[in-house]
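Each chain is listed here by its residues.
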Amino acid sequence: MSDMRERIQSAADTIRAKLGEAELAIVLGSGLGDHVQAMTDAACLPYAEIPGMPVSTAPGHAGKWWRGTIGGKRVFMLQGRFHLYEGISQEELVIPVRVMKLLGVRTLILTNAAGCANPEWKAGTLMMLTDYINFSGRNPLIGPNMDEFGPRFPDMSEAYSQRLRGIARETADRLGIGLREGVYMLFNGPTYESPAEVRMARLLGADAVGMSTVPETIAAHHCGIEVLGISCLTNMAAGLQKQPLSHEEVQETAARVSGSFRRLLNGIVEAV
Ligand code: HPA
């Protein structure tokens, strides 16, 4: 067994022994970590106590693997994810996704905070991902293929599941929550984008710019987990708003829309 495969296995064994398995998992993005309160019967394990897991250093990311119940469904929630700007490889960054696969996860909801590159929208918009642009210059599947997880050359025509997108759209309509749809473009960070980069992103067809989610999407789709992505567009991207961008603004906006975000997520989990 490769070192990486052993890390994935030991993390999965530890989580299974302490928290059990789940069919659905949610990764909570910047400023969205409070959503763990939506679960009843919750228990958690700090990443630091899970052998094989990378350790999260980003502010606003607590680094805990939760298990609990929403609407009668057993779920995992990951409070704190890993980012390229922390200096870890994309292969390491997607360890949690492969651990989920070993723990029975079939549906993954990836959430994030992102900048809004679509000038027609405004800060505070919720956007469901229809597709992504991987502008990191890397890919989490680079290296020997782990055949037991998926094929060497995976198809990405439908990285974000049409079925789950339909459920999310219906749920948003039913709850009266506005939900846009668009393309998310990954930048490495940790700098926010320059205005010229945002103009480029827009020209290439992006509606949102951010520093996460794409590697996890790729690894999950590779191993047959159905993926839904939802961004909270916390600010207009650089060049589209007058004031400078800041992590405080990101967290403030995420907190402001957290009520509707939570209702939407709960509704989707119940409907899946
Ligand atoms: N750019 C990249 N990542 C982000 C942004 C942004 O404008 N806002 C929140 N996360």
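Further up the page is the structure itself.
Computed from a prediction, not measured in an experiment: that's the story for all the values here.

## Things to note about the overall build of the chain
Secondary structure assignment for the chain yields eight helices and nine strands. Principal-axis analysis of the C-alpha atoms gives the chain an extent of 50 × 40 × 35 Å. Put simply, the chain has 272 residues, and 56% of those count as buried. A fraction of 83% describes how many contacts in the chain between residues 6 or more apart in sequence connect residues 24 or more apart. For the chain, the exposed area adds up to about 11,200 Å²; of that, 50% sits on carbon and sulfur atoms. Each charge sign in the chain was given a centre, from 26 positive and 29 negative side chains, and these centres are 4 Å apart.

## Quick look at the packing of helix H1 (residues 3–19) against helix H3 (residues 95–102)
Following both chains from N to C, one finds H1 and H3 inclined at 60°, their axes separated by 9 Å at the closest point. The pairing of H1 with H3 is recorded here as oblique in orientation. Seen along the crossing, H1 lies across H3 with a hand that is right-handed. On H3, the residues that touch Met4, Arg5, Arg7, Ile8, Gln9, Ala11, Ala12, Ile15 and Arg16 of H1 are Ile95, Arg98, Val99 and Leu102. Looking at the contact of H1 with H3, its residues break down into eight nonpolar, one polar and four charged.

Thresholds applied
Residues numbered from 1 in each chain as written. Predicted model: local features only at pLDDT ≥ 70, side-chain atom pairs only at ≥ 80, totals over all residues. Heavy atoms only, no water. Helix = DSSP H or I, 4+ residues; strand = E, 2+ residues; numbered from the N terminus. Buried < 20%, exposed > 50% of the residue type's maximum accessible area, 1.4 Å probe, protein only. Contact = heavy atoms within 4.5 Å. Areas by Shrake-Rupley, 256 points an atom, 1.4 Å probe, with all protein chains shown as cover. Lys, Arg positive; Asp, Glu negative; His and termini not counted. Charge placed at Lys NZ, Arg CZ, Asp CG, Glu CD. Axes fitted to C-alpha atoms, helices over the stretch in contact; angles between N-to-C directions. Parallel < 35°, antiparallel > 145°, perpendicular 65-115°, else oblique. Left-handed = near helix turned anticlockwise from the far one by under 90°. Nonpolar A, V, L, I, M, F, W, Y, C, P; charged D, E, K, R; others polar.

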